[in-house]
Amino acid sequence: MRVLIGVLLLSLSASQTYTRALEWRSDEALWRAGVRANPTLALPAYNLGSTLAHEGRWTEAADQFLVAAQHAKGGDLRRLAGIGLSYIDTVGEPICEQPRFSPWCVWVSP
Amino acid sequence: MAYAGSLGGGWVYEDHRADWGMDGIWAMPLSWAISRRWLTNQSYALTTAFLGPDPSMARLVSLAWHLVNGWLVWLVARRAVTASISALAAGIFLLWPIQVESVAAVAYRTELVSATFFLLALIAAERGQLVVAWLCACATVLGKEMGVVAFALVPLWCAWVGPNWTRRQGQGWAVACLVPALAGLWWAHSYSSFRIVASPSEMAISLSSVLLLVGRGLWSVFDPRVLSIAYDTRWLVPSSVIPLLGFCLPFYGFGTPWMRRACVWIAVAMSLRIVAPSPEFHDHYLYTSWIVVSLALAHLVNEGAACISTKNFPARCTSLTGAR
């Protein structure tokens, strides 16, 4: 009985560890898992937005920054998400004119 | 195999910020040893020097380090419990999903290096070699500054499993540990992220964070999604500690002796995290705590199986609470 329970526990552990380890293969996989598990938390959305913006995937990144800005509990993260949106607007695609993004864009003077 | 999914790919999360051995081997002045996590940095420098700046290789080294720690956990646990329980404890320590963060993120090798020297300190202390234990505890701090709790955990372990220290040995340990402990605390105080000591409400929030971290670490074996990064604990309020403690206390009161010890162990291992709160609580903070949590779980499995399989069920189950 002990051996059976021990083997079952270790097998369960190993399989869940394998699942979790897959999420650590890349930034995108890591933060996508974070957003999937915590859709109303700002931090994973902000980090996913940053990862996507680094890859030039502007539309997807803007959506994540928007989620982060809307759910941020503290002002710092909201402001960072706003800066992210403004960055996309400056170097990527003009998004800050769109009504859903414009309230969150933060204009930083050069 | 369990960690295979993380071995490919590039640098992830805080790996981007880290400096992979650029300072060169042995190049750092000793005065900065603590703040630069000197031993861990040497491991990065050696990895880069011999295997190149390849994330896959760096992760493979971390995995090998984790395996060594698993073997050390088995050696340490052997003194406290039977061979089969200690093997199960080592298996749990190696394979529990909460360990993925420490192993998969190269930046968190700090925990692995620190834990190796901490486990060596425990083995030396078990053999009565207190000078060696002290040196290993000092090395723990050079792996990661939070390893300073080793100076409290080593005597705690010896109080549980022996050998019993004489009064003179205890006093000697206390005096010998004063300098490295103060150096570690000084570092923590000067580091911008930490403030010693927090207000009672901040400490209550930190305690809540620790309780949640342990809870989600335990639950992760059923659903690893709970580990998916949610470090932001700013939603916690001081009053959240009351329901959380209310939920956890029965586990302490009715738990096995090793479960109670695991609670004490976590409290000591995470004490600095509670008095010097951080806005984020990461899974890898629990790496050292999981040594005794693994042992407690293995012991629980052993006692639980014995309780179920005996003819005297449920009378035999009194052993679960240590009443036997």
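Residues numbered from 1 in each chain as written. Chains lettered and ligands numbered in written order. Predicted model: local features only at pLDDT ≥ 70, side-chain atom pairs only at ≥ 80, totals over all residues. Heavy atoms only, no water.

### With respect to the overall build of chain B
- When helices and strands are counted, chain B shows 14 helices and zero strands.
- For chain B, the succession of helices and strands along the chain, N to C, is α-α-α-α-α-α-α-α-α-α-α-α-α-α.
- For chain B, buried positions account for 54% of its 324 residues.
- When the accessible area of chain B is evaluated, it comes to approximately 14000 Å², of which 69% is carbon and sulfur surface. (Helix = DSSP H or I, 4+ residues; strand = E, 2+ residues; numbered from the N terminus. Buried < 20%, exposed > 50% of the residue type's maximum accessible area, 1.4 Å probe, protein only. Areas by Shrake-Rupley, 256 points an atom, 1.4 Å probe, with all protein chains shown as cover.)

### Observations concerning the state of the cysteines
- Taken as a whole and judged by the stated rule, the model has one disulfide over all chains.
- Note that Cys96 of chain A is cross-linked by a disulfide to Cys105 of chain A, the S-S spacing being 1.9 Å. The sign of the S-S torsion, about -90°, decides the handedness of the disulfide formed by Cys96 of chain A and Cys105 of chain A: left-handed.
- We classify Cys96 of chain A as buried; its relative accessible area is 7%.
- Not engaged in a disulfide, the cysteine Cys136 of chain B finds its nearest cysteine sulfur in Cys138 of chain B; these two sulfurs lie 9.2 Å apart.
- Of the cysteine sulfurs around Cys177 of chain B, a residue in no disulfide, the closest is that of Cys138 of chain B, at 7.1 Å. (Disulfide = S-S within 2.5 Å.)

### What about a nonpolar patch on the surface?
Residues and elements named next belong to chain B.
- A contiguous nonpolar surface patch, about 470 Å² in accessible area, is contributed by Leu46, Phe50, Leu51, Met57 and Leu60.
- At the level of elements, α2 (38-51) and α3 (55-80) are the ones that each hand at least two residues to the nonpolar patch.
- The greatest single-element share of the nonpolar patch, amounting to three residues, is contributed by α2.
- Structurally, Leu51 is set in helix α2. (Patch = residues over 30% accessible without salt bridge, like charges linked within 9 Å, V, L, I, M, F, W, Y side chains within 5 Å. Salt bridge = Lys/Arg side-chain N within 4 Å of Asp/Glu carboxyl O.)

### Section: the packing of helix α6 (residues 109-126) of chain B against helix α8 (residues 150-161) of chain B
Residues and elements named next belong to chain B.
- The geometry of α6 relative to α8 is characterised by a closest axis approach of 10 Å and an angle of 40° between their N-to-C directions. For the element pair α6 / α8, the angle class is oblique. Remark: the crossing between α6 and α8 carries right-handed chirality. Contact with α6, carried on its side by Phe118, Ala121, Leu122, Ala125 and Glu126, involves Ala150, Leu153, Val154, Trp157, Cys158 and Val161 of α8 and no other residues of that element.
- Class assignment of the residues belonging to the contact of α6 with α8 gives a composition of ten nonpolar, no polar and one charged. (Axes fitted to C-alpha atoms, helices over the stretch in contact; angles between N-to-C directions. Parallel < 35°, antiparallel > 145°, perpendicular 65-115°, else oblique. Left-handed = near helix turned anticlockwise from the far one by under 90°. Contact = heavy atoms within 4.5 Å. Nonpolar A, V, L, I, M, F, W, Y, C, P; charged D, E, K, R; others polar.)

### Examining the interface of chain B and chain A
- Each partner contributes residues to the interface: chain B has 46 residues there, and chain A has 31 residues.
- Of the roughly 3200 Å² buried where chain B meets chain A, counting both sides, 71% is carbon and sulfur surface.
- The tally of links from chain B across to chain A stands at six residue pairs in polar contact (both at pLDDT 80 or more).
- At the level of elements, α1 (4-7), α4 (83-95), α5 (100-104) and α14 (290-309) of chain B are the ones that each hand at least two residues to the side of chain B that touches chain A.
- Looking at the side of chain B that touches chain A element by element, the count peaks at six residues for α14 of chain B.
- The residue inventory of the side of chain B that touches chain A, partitioned by class, reads 28 nonpolar, eleven polar and seven charged. (Buried area = accessible area lost by both parts, 1.4 Å probe. Polar contact = N/O pair within 3.5 Å; in protein donor to acceptor, adjacent residues only side chain to side chain.)

### With respect to the pattern of salt bridges
- Counted by the stated rule, this structure contains ten salt bridges over all chains.
- Note that Arg225 of chain B and Asp223 of chain B form a salt bridge whose closest N and O atoms lie 3.1 Å from each other.
- Judged by relative accessible area, Arg225 of chain B falls into the exposed class, the value being 53%.
- Within this structure, Glu28, Arg32, Glu55, Arg57 and Glu60 of chain A form a network of salt bridges that share partners.

### Overview of the side chain of His66 of chain B
- Mapped onto the secondary structure, His66 of chain B falls in helix α3.
- If we skip the residues at most four places from it in the chain, His66 of chain B touches Tyr3, Phe93, Leu94, Gln99, Val103, Leu112 and Tyr287 of chain B.

### A short note on the packing of aromatic side chains
- Under the defined criterion, the tally for this structure stands at 15 aromatic pairs over all chains.
- Taken together, a centroid distance of 5.5 Å and an interplanar angle of 50° make the contact between Tyr46 of chain A and Phe65 of chain A tilted. Highlighted residues: Tyr46 of chain A in helix α3 (residues 42-54) and Phe65 of chain A in helix α4 (residues 58-71), separated in sequence by 19 residues.
- In this structure Phe65 of chain A comes out as buried when scored by relative accessible area, which is 3%.
- Pairwise contacts between aromatic rings join Phe118, Trp157, Trp160, Trp258 and Trp265 of chain B into one cluster.
- Above the plane of the ring of Trp258 of chain B lies Arg261 of chain B, whose end atom (NZ or CZ) is 4.6 Å from the centre.
- Positioned above the aromatic ring of Tyr285 of chain B is the side chain of Arg273 of chain B, whose terminal nitrogen or guanidinium carbon lies 3.5 Å from the ring centre. (Phe/Tyr/Trp six-rings, centres within 6.5 Å; stacked < 30°, edge-to-face > 60°. Lys NZ or Arg CZ within 6 Å of the ring centre and 35° of its normal.)

In short, geometric facts, not functional conclusions.
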